[in-house]
Amino acid sequence: MSATVFDKQPAPATNDEQPPPAAQPATSATLQRPSRHRSRGRLGPGRPVPYGWAAGPLLLLATWAAGSAAGLIDARSLPAPWTIAASAGDLIADGRLQSHLTTSARRALLGLVFGVAGGLLLAVVSGLSRLGEALIDGPVQIKRAVPSLALIPLLILWFGIGETMKVVTIALGVFVPVYIHTHNGLRTIDNRYAELAETVRLGRLRFVRHVVLPGALPGFLLGMRFAVTAAWLALVVVEQVNATSGIGYMMELARTYGQTDVIIVGLVVYGLLGLVSDALVRLVERRTLSWRRTLAD
């Protein structure tokens with residue numbers, strides 16, 4: 001008997017011989033779904049500009065030089081950049097700029113250390129305790145509304161006109177931004193982390209170490225950026241109050257003798273110190289918070 005039709009049918013394909021799946025037609029959702037890189041390039045700020053932090057100051061310097069060269073800027077009011085550079089060279093050759101800069105840096109560093117320590121301690125106590133917040137937050141908010149420079153007459157009566165008054169003034173200007181941003185970082189920690197810590201019976205010290213401090217770190221670093229700027233701002237003023245050394249004293253002495261170029265040198269030094277300090281804090285922030293994915297990355 002001849003083979004039937006069933007005998008002529010091909011055997012079913014095994015797993016190794018499965019035909020390739022048919023190509024699925026692209027849907028509108030697939031066609032309209034942008035890639036992550038393309039979305040960031042289109043809607044985000046774009047790729048980082050190499051040495052972008054220096055672009056603004058260099059543009060300002062170029063505008064200043066062009067205006068001075070064209071005669072649009074009066075040299076008696078604002079000397080040309082090359083005149084300022086020559087004056088800075090003379091101050092460096094005499095050793096005066098290095099001496100004043102060392103004194104100013106020591107004052108700013110001491111005020112920054114005491115201010116950061118006080119602000120961080122008060123923020124932790126206030127952020128982790130309702131009683132602490134009731135006792136601490138109100139006075140800090142009052143201090144926030146009163147400029148530190150307005151307290152100088154009172155601080156002179158309390159501490160005299162020596163180094164202690166200057167360091168305390170800088171510390172008072174520093175601790176407020178550290179407290180405000182660290183306290184805000186503590187209070188914005190997700191409450192589920194506290195519930196999880198209670199579930200695993202985490203102690204108070206370990207809870208602070210493993211949950212509270214890492215959670216408040218972004219706010220603390222943001223406060224540090226404001227704190228370093230506040231330290232230099234307070235330093236400008238306190239060094240002009242019966243000081244015998246420091247960049248501010250050098251500027252005040254130059255004002256007495258009408259040396260505009262020396263005053264500008266002091267301002268440039270203050271500006272560079274603030275720029276470098278902020279860049280260092282931003283570098284620490286980028287390294288410490290590398291786990292975050294933000295528009296700045």
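A quick note: this is a predicted structure, and the numbers were derived from the prediction, not measured.

Asker: So what's going on with the overall build of the protein? Which residues, and what values?
Answerer: Helix and strand content of the protein: 12 helices and zero strands. Traced from its N-terminal end to its C-terminal end, the protein shows the element sequence α-α-α-α-α-α-α-α-α-α-α-α. The proportion of buried residues among the 297 residues of the protein is 32%. A fraction of 72% describes how many contacts in the protein between residues 6 or more apart in sequence connect residues 24 or more apart. Working note: accessible area of the protein is about 19,700 Å², and carbon and sulfur atoms make up 64% of it.

Asker: Tell me about the confidence of the model for the protein, residues and numbers included.
Answerer: If pLDDT is low for a region, its predicted coordinates should not be looked at in detail. For the protein, the mean per-residue pLDDT works out to 81, and 83% of the residues sit at or above 70. Note on residues 1-39: pLDDT under 50 across the span, and six contacts to partners over four residues away in sequence or across chains.

Asker: Residue-level account of the pattern of salt bridges, with values.
Answerer: This structure, assessed with the given rule, holds eight salt bridges. The partner of Asp74 in a salt bridge is Arg76, with the nearest N and O atoms 3.3 Å apart. Judged by relative accessible area, Asp74 falls into the partly exposed class, the value being 35%. Judged by relative accessible area, Arg76 falls into the exposed class, the value being 71%. Among the ionic pairs, Asp278 bridges to Arg225, the shortest N-O distance being 2.9 Å. Of this pair, Asp278 sits in helix α12 (residues 260-288) while Arg225 is found in helix α10 (residues 204-238), placing the two residues 53 residues apart along the sequence. By relative accessible area, which is 26% here, Arg225 ends up partly exposed.

Asker: Tell me about the side chain of Thr103, residues and numbers included.
Answerer: The topology assignment puts Thr103 in helix α5 (residues 96-128). Apart from the residues within four sequence positions on either side, Thr103 is in contact with Ser245 and Gly246.

Asker: Just give me the short version of a nonpolar patch on the surface, but keep the residues and values in it.
Answerer: On the surface, Tyr51, Trp53, Val268, Leu272 and Leu275 cluster together into a nonpolar patch covering about 550 Å² of accessible area. On the secondary structure map, Leu275 appears in helix α12.

Asker: How would you explain unusual backbone geometry if you had to name every residue and give the values?
Answerer: Positive phi values are uncommon outside glycine, yet Arg201 reaches one of about 60°. Within the secondary structure layout, Arg201 lies in the loop between α9 (191-199) and α10.

Asker: Describe in detail the packing of aromatic side chains, supporting the description with residues and values.
Answerer: Summed over all chains, the structure comprises one aromatic pair. Seen in terms of ring centroids, Trp158 and Phe159 are 6.5 Å apart; in terms of plane orientation they differ by 80°. Their pairing is edge-to-face. When its relative accessible area of 59% is taken as the criterion, Trp158 is described as exposed. Judged by its relative accessible area of 39%, Phe159 falls in the partly exposed class.

Asker: With reference to specific residues and values, describe the environment of Ala123.
Answerer: Within the secondary structure, Ala123 is located in helix α5. Linking Ala123 and Phe220, residues 97 residues apart in sequence, is a C-alpha distance of 9.7 Å. Sequence-distant contacts of Ala123, that is, excluding residues within four places in its chain, are made with Tyr179, Thr182, His183 and Leu186.

What counts and how
Residues numbered from 1 in each chain as written. Predicted model: local features only at pLDDT ≥ 70, side-chain atom pairs only at ≥ 80, totals over all residues. Heavy atoms only, no water. Helix = DSSP H or I, 4+ residues; strand = E, 2+ residues; numbered from the N terminus. Buried < 20%, exposed > 50% of the residue type's maximum accessible area, 1.4 Å probe, protein only. Contact = heavy atoms within 4.5 Å. Areas by Shrake-Rupley, 256 points an atom, 1.4 Å probe, with all protein chains shown as cover. pLDDT = per-residue confidence, 0-100. Salt bridge = Lys/Arg side-chain N within 4 Å of Asp/Glu carboxyl O. Patch = residues over 30% accessible without salt bridge, like charges linked within 9 Å, V, L, I, M, F, W, Y side chains within 5 Å. Phe/Tyr/Trp six-rings, centres within 6.5 Å; stacked < 30°, edge-to-face > 60°.

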